[in-house]
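For reference, the chains in residue letters:
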Amino acid sequence: MIQCKKCSTTNKDSDKFCQNCDAVLGDELKNEKIYKKEDVVVIKEKKDGFATASVVLGILSIFLWEFSIIPILAIIFGIIGIKKTLKNEKIGLSSAITGLILGILFLIVRIYNLYN
Ligand SMILES: [Zn+2]
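Quick notes on the rules
- Residues numbered from 1 in each chain as written.
- Predicted model: local features only at pLDDT ≥ 70, side-chain atom pairs only at ≥ 80, totals over all residues.
- Helix = DSSP H or I, 4+ residues; strand = E, 2+ residues; numbered from the N terminus.
- Buried ≥ 20, exposed ≤ 12 C-beta atoms within 10 Å, placed from the backbone.
- Contact = placed C-beta atoms within 7 Å.
- Expected span 1.5 Å × (residues − 1).
- Axes fitted to C-alpha atoms, helices over the stretch in contact; angles between N-to-C directions.
- Parallel < 35°, antiparallel > 145°, perpendicular 65-115°, else oblique.
- Left-handed = near helix turned anticlockwise from the far one by under 90°.
- Nonpolar A, V, L, I, M, F, W, Y, C, P; charged D, E, K, R; others polar.

K.L.:
What is the right way to read the overall build of the protein chain from this model?
P.N.:
A tally of regular secondary structure across the protein chain gives four helices and two strands. Listed by position from the N terminus, the elements making up the protein chain come as β-β-α-α-α-α. Taking all 116 residues of the protein chain together, 28% fall into the buried category. Taking the intrachain contacts of the protein chain between residues at least 6 apart in sequence as the baseline, contacts between residues at least 24 apart amount to 53%.

See the structure below:
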């Protein structure tokens, strides 16, 4: 089956023109499909900066939780990273979640340490 790139109607492989809008089907369309596929791969390979920053700050929180700003930043970047990876289909959702969890965990450690 060939999908028309102009109107998205699905046509038979043997069709040379779109049944709906008479647009040319075939090689031109195939190239477009390959381009789109590569484009998606490129987008998915890009790792979100906030997600990376979040997991780095999350790991730093393990050692530097006494500096409250580090787990707080891990949480903020984690939330931004999760939103951005879900919206833009970028890699880094697991990093953002890891950073967020570590941030929350060591912020609790920090708060517990302050009041005990
Ligand atoms: Zn068409």
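From this point, things continue past the structure.
K.L.:
Explain helix 2 (residues 49–64) here, please?
P.N.:
For the α-helix, the turn length of 3.6 residues means that residues three or four positions removed from each other point alike. Helix length check: helix 2, at 16 residues, gives a terminal C-alpha distance of 21 Å against a target of 22 Å (1.5 Å per residue), a fit within 8%. Here helix 2 has its buried residues at Phe 50, Ala 51, Ala 53, Ser 54, Val 55, Leu 57, Gly 58 and Ser 61. Along its buried surface, helix 2 packs onto helix 3 (69–88) and helix 4 (93–114).

K.L.:
I keep staring at the packing of helix 3 against helix 4 and nothing clicks. Help me out?
P.N.:
A pair of packed helices can be characterised by two numbers: the angle between their axes and the separation between those axes. Taken N-terminus to C-terminus, the directions of helix 3 and helix 4 make an angle of 155 degrees; their axes are 7 Å apart at the nearest point. Comparing the axis directions of helix 3 and helix 4 gives the class roughly antiparallel. For the pair helix 3 and helix 4, the crossing hand works out as left-handed. For the pair helix 3 and helix 4, the contacting residues are Pro 71, Ile 72, Ala 74, Ile 75, Phe 77, Gly 78, Ile 79, Gly 81, Ile 82, Thr 85 and Leu 86 in the first and Leu 93, Ser 95, Ala 96, Ile 97, Gly 99, Leu 100, Leu 102, Gly 103, Ile 104, Phe 106, Leu 107 and Arg 110 in the second. In the contact of helix 3 with helix 4, the residues fall into 16 nonpolar, six polar and one charged.

K.L.:
Just to check I follow, could you spell out unusual backbone geometry for this structure?
P.N.:
Trans peptide bonds make up the majority, and among non-glycine residues the majority have a negative phi. Notably, Ser 8 is not glycine yet its phi reads approximately 70 degrees, a positive angle. Mapping Ser 8 onto the fold places it in the loop between strand 1 (2–3) and strand 2 (10–11). Of the residues examined, Ser 8 has 10 C-beta atoms within 10 Å and is grouped as exposed.

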